Amino acid sequence: MIEPGNSTTSTGTTQNTVRPTVPLTVGVEEEFLLVDARTLRVVPAAPQVLATAGGLPGEMHPEGTRYQVEISTPIADSAASLRAELAELRRTLGRAARAHGCRLLAAPSPVVAVEGPLHLTDDEPRQREQHRRFGALTDTLVSCGRHIHIGTLDVDTAVAVSNRIRPWLPTLIALAANSPFWGGRDTGHSSWRAMAWSGWPSAGLPPQFTSTAHFRRSVQTLLGSGAALDTKMVYWDLRPSGHWPTLEFRAPDMSPDVDSAVLQAELARALVATALREIAERRPEPAVRDDVLRLARWRAAHDGLEGFGLDPYTGTELPAADLAEALLDLVAPALAAAGDLDHAAKTLAGLLRDGSGAHRQRAAYARRQDLTDVLRHLVDETEDF
């Protein structure tokens, strides 16, 4: 069993400035692909679908390409209300998609290759500047993730909490792994999105920050070097939001089922609550080697939930399921305090029993070796809530 509390090395983050705020809130952004209802290939129908869907300002909006749409939940203080909001937004968007001959695909990638030039969002000159500066890297824009915002946290608190949560990012990636197929083939990874997105110079694991000033310098270095156009392009797996008083989790793949989305949000909030408790108790930050954590991230993306991962504190190889259960054990008190423990434990048990999203995609493909079966499986799971 992993023993993160046994570490005695501190990096010197300015813990005295941390001001935890309770109760913690949660908000989720989910990105979807639009596919033709008959062929299940992506279609650039986002403007029409969004116009039909309507919705409150900020709840539904375009993404980087016209193949994609995004929903943003209102701020929630319970997992039950979050689940209800996600289901209703998905339901509304799904109806609008069907009105235009489309289906909603909750998956990180289109599975098959996108033909022809990318249909970038017309009203986003920023996207075109990205394409000009970063070239083929923008091919990965046709991918979908889930972003989880935990608040309310000031920047000092978010930075200090980020340092303590970093070791568990690979486990969150393994739990959400749902992109084994990319460009029409099996990549040999369970979360190829995690690997493909790492090609961006501003993506991947966040640094271990020694202070809030260090965090700000790191962001300015990204901007000054040309690695990011603006703060929205700070693509780290975990970051203090540039627009909201939140800590934003960006590592997980988009998964089709709502309960897995809620599980990720529950774990994220519980990790923040656990970190805040450790800070209040003046426990030192855990010692984690960056090289081990980088390898743990790759192993999580490769094996997903069905294989092995690396203990982020020791580098020891362990079953990914054991790492997931260790995470649940670590944050169980925070989950219980929020009323989320039963749902989180039940959902995790279901994933361990039935397999991750990547496992289920491969099972769908194995029946006939036909990627259309994978796509059909994904759109059906997306609409099953």
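See the structure shown above.
Residues numbered from 1 in each chain as written. Predicted model: local features only at pLDDT ≥ 70, side-chain atom pairs only at ≥ 80, totals over all residues. Heavy atoms only, no water.

## Structural notes on the side chain of Glu285
Inference 1: Residue placement: Glu285 occurs in the loop between α8 (258-280) and α9 (290-303).
Inference 2: Notably, Glu285 is buried but unbridged: the nearest opposite-charge side chain belongs to Arg164, and the N-O separation is 4.9 Å.
Inference 3: Separated by 3.3 Å, the side chains of Glu285 and Asn163 make a polar contact.
Inference 4: A polar contact of 3.0 Å, which involves the side chain of Glu285, links it to the side chain of Gln208. (Helix = DSSP H or I, 4+ residues; strand = E, 2+ residues; numbered from the N terminus. Buried < 20%, exposed > 50% of the residue type's maximum accessible area, 1.4 Å probe, protein only. Lys, Arg positive; Asp, Glu negative; His and termini not counted. Salt bridge = Lys/Arg side-chain N within 4 Å of Asp/Glu carboxyl O. Polar contact = N/O pair within 3.5 Å; in protein donor to acceptor, adjacent residues only side chain to side chain.)

## Comments concerning the pattern of salt bridges
Inference 1: One pass over the full model with this rule turns up 29 salt bridges.
Inference 2: Arg83 is paired through a salt bridge with Asp259; the nearest N and O atoms lie 3.0 Å apart. On the criterion of sequence distance, the pair formed by Arg83 in helix α2 (residues 79-99) and Asp259 in helix α8 is long-range, its members being 176 residues apart.
Inference 3: The residue Arg193 makes a salt bridge to Asp253 at a minimum N-O spacing of 3.5 Å. Here Asp253 lies in the loop between β11 (246-249) and α8 and Arg193 lies in helix α6 (residues 192-197), a separation of 60 residues in the sequence.
Inference 4: Salt bridges linked by common partners bring Arg98, Arg103, Asp380 and Glu383 together as one network.

## Some points on α8
Inference 1: Compared with the 33 Å implied by 1.5 Å per residue over 23 residues, the 33 Å span of α8 between its first and last C-alpha is a close match.
Inference 2: Just downstream of α8, Arg282 is the residue with a positive phi angle, here 60 degrees. (Expected span 1.5 Å × (residues − 1).)

## Details of the nonpolar core
Inference 1: Leu34, Leu93, Leu247, Phe249, Leu267 and Val272 are the most contacted members of the largest nonpolar core, which totals 90 residues.
Inference 2: It is α8 that provides the largest number of residues to this core, a total of 13 residues.
Inference 3: Discounting chain neighbours no more than four positions away, the residues touching Leu247 are Ile148, His149, Ile150, Leu153, Ala158, Val161, Ser162, Ile165, Leu238, Arg239, Pro240 and Val272.
Inference 4: Listed in part, the 16 residues of the second largest apolar core include Trp197, Phe215, Val219 and Tyr235. (Core = buried A, V, L, I, M, F, W, Y, C linked by side-chain atoms within 4.5 Å. Contact = heavy atoms within 4.5 Å.)

## Looking at helix α3 (residues 125-134)
Inference 1: All of the buried residues along α3 are Arg126, Gln127, Gln130 and Phe134. What you see down the axis of α3 is that its buried residues fit within an arc of 100 degrees, all on one side. Of the residues in α3, the exposed ones pointing more than 90 degrees away from the buried face are Pro125 and Arg132.
Inference 2: Its buried side turned inward, α3 meets β9 (235-236).
Inference 3: Count one or two residues on from α3 and you reach Gly135, which has phi positive near 55 degrees. (Arc of directions from axis to C-beta.)

## So, the pairing of β11
Inference 1: Because side chains alternate across β11, one face comprises the buried residues Thr246 and Glu248, and the other comprises Leu247 and Phe249, equally buried.
Inference 2: Note: strand β10 (residues 238-240) against β11, 3 bridges, orientation antiparallel. Within β11, the residue paired with Leu238 across the bridge is Phe249.
Inference 3: The loop that links β10 with its antiparallel partner β11 comprises 5 residues. (Pairing = 2+ DSSP bridges.)

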